[in-house]
Amino acid sequence: QVQVVESGGGLVQPGGSLRLSCAASVSIFRVMVMGWYRQAPGKERESVATITSGGNTNYADSVKGRFSISRDNTKATVFLQMNSLKPEDTAVYYCRVREWSSLDYWGQGTQVTVSS
């Protein structure tokens, strides 16, 4: 059973920063893409940022220039550096791991709250 574990969420003031981490118990060679998604209360889950095995990244328009996704090239670990946080970034953030085989794994989520 593949485990996906997120960490790094918390409470931060507007304009502050947080760094999320996600580690999956799967060989890096099986991973096609890893990404971060978020779901705010009453809203649908949305993609925030993704990174492929080749290092290509994609960001939601709402976070471009503020968030940065990166990965560890030796293991299935991905990070999300979030700067200039806004109240509208408040959500549960989920890590997703998709294998080349199309198998999909999700973490349980980590809460990010941006409030003064």
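Keep in mind that this is a model prediction, so the values were computed, not measured.

*Asks:* Looking at this structure, I do not really get the overall build of the chain. What am I missing?
*Replies:* The number of helices and strands found in the chain is 0 helices and 11 strands. Counted from the first residue to the last, the chain has its helices and strands arranged as β-β-β-β-β-β-β-β-β-β-β. Scaling as 2.2 N^0.38, a compact globule of 116 residues should have a C-alpha radius of gyration of about 13 Å, and the chain matches this with 13 Å. Dimensions along the principal axes, computed over C-alpha positions, put the chain at roughly 40 × 25 × 20 Å. Looking at the 116 residues of the chain, the share that counts as buried comes to 42%. Sequence-distant contacts, at least 24 apart, represent 53% of the contacts inside the chain between residues at least 6 apart. In the structure as shown, the chain presents an accessible area of about 6200 Å², 47% of it carried by carbon and sulfur atoms. Positive and negative side-chain charges of the chain, numbering 12 and 9 respectively, have mean locations separated by a distance of 3 Å.

*Asks:* Explain the side chain of R38 here, please?
*Replies:* Topologically, R38 is positioned in strand β4 (residues 31-39). One polar contact links R38 to D89, side chain to side chain, over a distance of 3.0 Å. If near-sequence neighbours (up to four positions away) are discounted, R38 is found in contact with E44, R45, E46, V48, S62, V63, F67, E88, D89, A91, V92 and Y93.

*Asks:* I'm lost on the pattern of salt bridges in this one. Help?
*Replies:* Think of it this way: side chains of opposite charge can pair up when their charged atoms draw near. All told, the structure shown has 7 salt bridges when counted by the stated rule. Two residues, R30 and E99, come together in a salt bridge whose shortest N-O distance is 2.6 Å. With a gap of 69 residues between them, R30 in the loop between β3 (18-24) and β4 and E99 in strand β9 (residues 91-99) connect regions that are remote in the sequence. Residue class for R30 comes out partly exposed when judged on its relative accessible area of 39%. On the basis of relative accessible area, E99 is assigned to the buried category, the value being 4%.

*Asks:* Would you mind going over the environment of A60 with me for this structure?
*Replies:* Within the fold, A60 resides in the loop between β6 (57-59) and β7 (67-72). Residue class for A60 comes out buried when judged on its relative accessible area of 17%. What A60 contacts, discounting residues up to four positions off in sequence, is S47 and V48.

*Asks:* Quick question: what am I supposed to make of the sheet that holds β3 here?
*Replies:* Strand pairing in a sheet takes place through backbone hydrogen bonds and is either antiparallel or parallel in direction. Reading across the sheet, the 4 strands line up as β1-β3-β8-β7 and stay open at both edges, with antiparallel pairing between neighbours. Since the sheet does not close on itself, it has two edges, and those belong to β1 (4-7) and β7, each with one partner. Direction aside, the axes of adjacent strands within the sheet are offset by 15° on average.

About the cut-offs
- Residues numbered from 1 in each chain as written.
- Predicted model: local features only at pLDDT ≥ 70, side-chain atom pairs only at ≥ 80, totals over all residues.
- Heavy atoms only, no water.
- Helix = DSSP H or I, 4+ residues; strand = E, 2+ residues; numbered from the N terminus.
- Rg over C-alpha atoms; globule rule 2.2 N^0.38 Å.
- Buried < 20%, exposed > 50% of the residue type's maximum accessible area, 1.4 Å probe, protein only.
- Contact = heavy atoms within 4.5 Å.
- Areas by Shrake-Rupley, 256 points an atom, 1.4 Å probe, with all protein chains shown as cover.
- Lys, Arg positive; Asp, Glu negative; His and termini not counted.
- Charge placed at Lys NZ, Arg CZ, Asp CG, Glu CD.
- Polar contact = N/O pair within 3.5 Å; in protein donor to acceptor, adjacent residues only side chain to side chain.
- Salt bridge = Lys/Arg side-chain N within 4 Å of Asp/Glu carboxyl O.
- Pairing = 2+ DSSP bridges.
- Axes fitted to C-alpha atoms, helices over the stretch in contact; angles between N-to-C directions.

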